[in-house]
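# Close look at the chain arrangement
Residues per chain, in single letters:
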Amino acid sequence: MAVILGPNRYGKAETRVVRVVRDGGVHHIKDVNVSSALSGDMDEAHLSGDNTAILPTDTQKNTAYAFARKYGVDQIEDFALLLARHYVSSQPAVHHARVEIEEYFWDRIPVQGPSGERHSFVRSGREVRTCVVHHDRDGTTTVLSGLKDLVVLNSTGSEFHGFAVDEYTTLQPVTDRILATEVSAAWRHVSDGSPFGKSYSEVRRCLLEAFAETHSLSLQQTLYAMGKRVLETRGEICEVRLAMPNKHHFPVDLTPFGLDNPDEVFYAADRPYGLIEGAVLDDDAPAARFAWE
Ligand SMILES: O=c1[nH]c(=O)c2[nH]c(=O)[nH]c2[nH]1
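Residues numbered from 1 in each chain as written. Predicted model: local features only at pLDDT ≥ 70, side-chain atom pairs only at ≥ 80, totals over all residues. Heavy atoms only, no water.

Definition in use: UniProt positions are given in the numbering used here, feature names are shortened, and annotations may be inferred rather than shown by experiment.
Going by what an unreviewed UniProt entry lists, the chain is known as Uricase and is assigned to Streptosporangium roseum. Turning to the chain, the UniProt record has this under Function (unreviewed entry): "Catalyzes the oxidation of uric acid to 5-hydroxyisourate, which is further processed to form (S)-allantoin." For the chain, the Catalytic activity (unreviewed entry) comment in UniProt is given as "urate + O2 + H2O = 5-hydroxyisourate + H2O2".

Written out as structure tokens, the structure reads:
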């Protein structure tokens, strides 16, 4: 038997970059979390401890901060593209760069200082925006945008029946239930030139509208409807992957207290939960290459 080195990459995970832009007394905040991972001609670092090809992860952290100052941080996808291209073009040993960014939203606290200052924020209860960019020295670039922690609920319009049963099945069919989930979604851009800000808000709108407008016979059906809505509405997207936990809401039995419960009071269970995952894509979507790695 011979031992060989398998696929490997290395980088700095979760460099938290907060940038404040001052427009007089009106401040703007960008709060991102940058993870870079590089791979290429660097086997010797693992095999013999030769670090010649290794650009330190500490340098990768510094680069994220320096680029935030030099180029600003607007759309996270554009910032990730900038970093990924920088590593591949400046380091001969780096054949491939993967840059993942999360963005956390802040809302302005609507008060003003005596001279009109506006510099107070509250962390938004909104979802986290995400992206994953790959850039390879063969010239291929892939861009995924996404979101996570988007919690949604339909208080009716959801059924679940007609399912397979065996000797362990106790679930009763229902024609009206609460459907709640915490959406994690990622969508693949056809090119690296999408207008990423507008695209993000429109995809988010498609997901929410399809969730609300679909009369659901299962979370699986709702998932497909959400992905389909994005693909039919947004030409710049060719694939959507969704992970949606079924956040079960069980009507509480109130009969011990002499009370009925006409689907009014629910117990929101946190675990276990059903986990529904799926990809929806254009049948002529270009090859994904390493986009999902
Ligand atoms: O929408 C659902 N899909 C399932 O696969 C499932 N399984 C289950 O127990 N409840 C549900 N609900």
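## With respect to the UniProt feature "binding site: 5-hydroxyisourate" (unreviewed entry) in the chain
Operational definition: Numbered from the N terminus, helices here are DSSP runs of H or I no shorter than four residues, and strands are runs of E no shorter than two.
As annotated by UniProt and renumbered to match this structure, "binding site: 5-hydroxyisourate" (unreviewed entry) occupies Thr-57, Gln-220 and Asn-246. For the residues just named, distributed over 190 residues, the greatest C-alpha separation reaches 40.6 Å, placing them at more than one site. Structurally, the position occupied by Gln-220 is in helix H5 (residues 219-233). Position of Asn-246 among the secondary structure elements: in strand S9 (residues 237-246).

## Observations regarding the side chain of His-134
In plain terms, the rule: For every residue, the accessible area (1.4 Å probe, protein chains only) is compared with the maximum for its type, and the residue is labelled buried under 20%, exposed over 50%, or partly exposed between those bounds. For the purposes of these results, a polar contact is taken to be a pair of N or O atoms within 3.5 Å, where, inside protein, one atom must be able to donate a hydrogen and its partner to accept one; residues adjacent in sequence count only when each atom of the pair is a side-chain atom. We call two residues contacting when some pair of their heavy atoms lies within 4.5 Å.
By the element assignment, His-134 lies in strand S6 (residues 128-136). Residue His-134 is classed as buried on the basis of its relative accessible area of 1%. In terms of polar contacts, His-134 uses its side chain to reach the backbone carbonyl oxygen of Phe-290, at 3.2 Å. Within the structure, His-134 has its side chain in polar contact with the backbone oxygen of Glu-293 (distance 3.2 Å). Each residue touching His-134, except ones within four places of it in the same chain, is listed here: His-96, Ala-97, Arg-98, Thr-140, Thr-141, Thr-142, Phe-290, Ala-291 and Glu-293.

## With respect to the sheet that holds strand S8 (residues 179-189)
Our working rule: Pairing between strands requires that DSSP locate at least two bridges from one strand to the other. To obtain an axis, a line is fitted to C-alpha atoms, over the contacting stretch when the element is a helix, and the angle between two such axes runs from 0 to 180 degrees between their N-to-C directions.
With respect to topology, eight strands assemble into an open sheet ordered S1-S2-S3-S6-S7-S8-S9-S12, the strand pairing being antiparallel. Looking at the sheet topology across the chains shown, the edges are occupied by strand S1 (15-23) and strand S12 (274-281). Taken over all neighbouring pairs, the strand axes of this sheet differ in orientation by 20 degrees on average, direction set aside. Of the pairings in the sheet, the one linking S9 to S12 comprises eight bridges and is antiparallel in character. From the neighbouring strand, Pro-245 faces S12, where its bridge partner is Leu-275. Lying over the sheet, helix H2 (residues 57-71) contacts S1 and strand S2 (26-40), oriented at roughly 15 degrees with respect to S1. Together, S8, S9 and S12 form the strand contacts of H5, whose direction differs from that of S9 by roughly 155 degrees.

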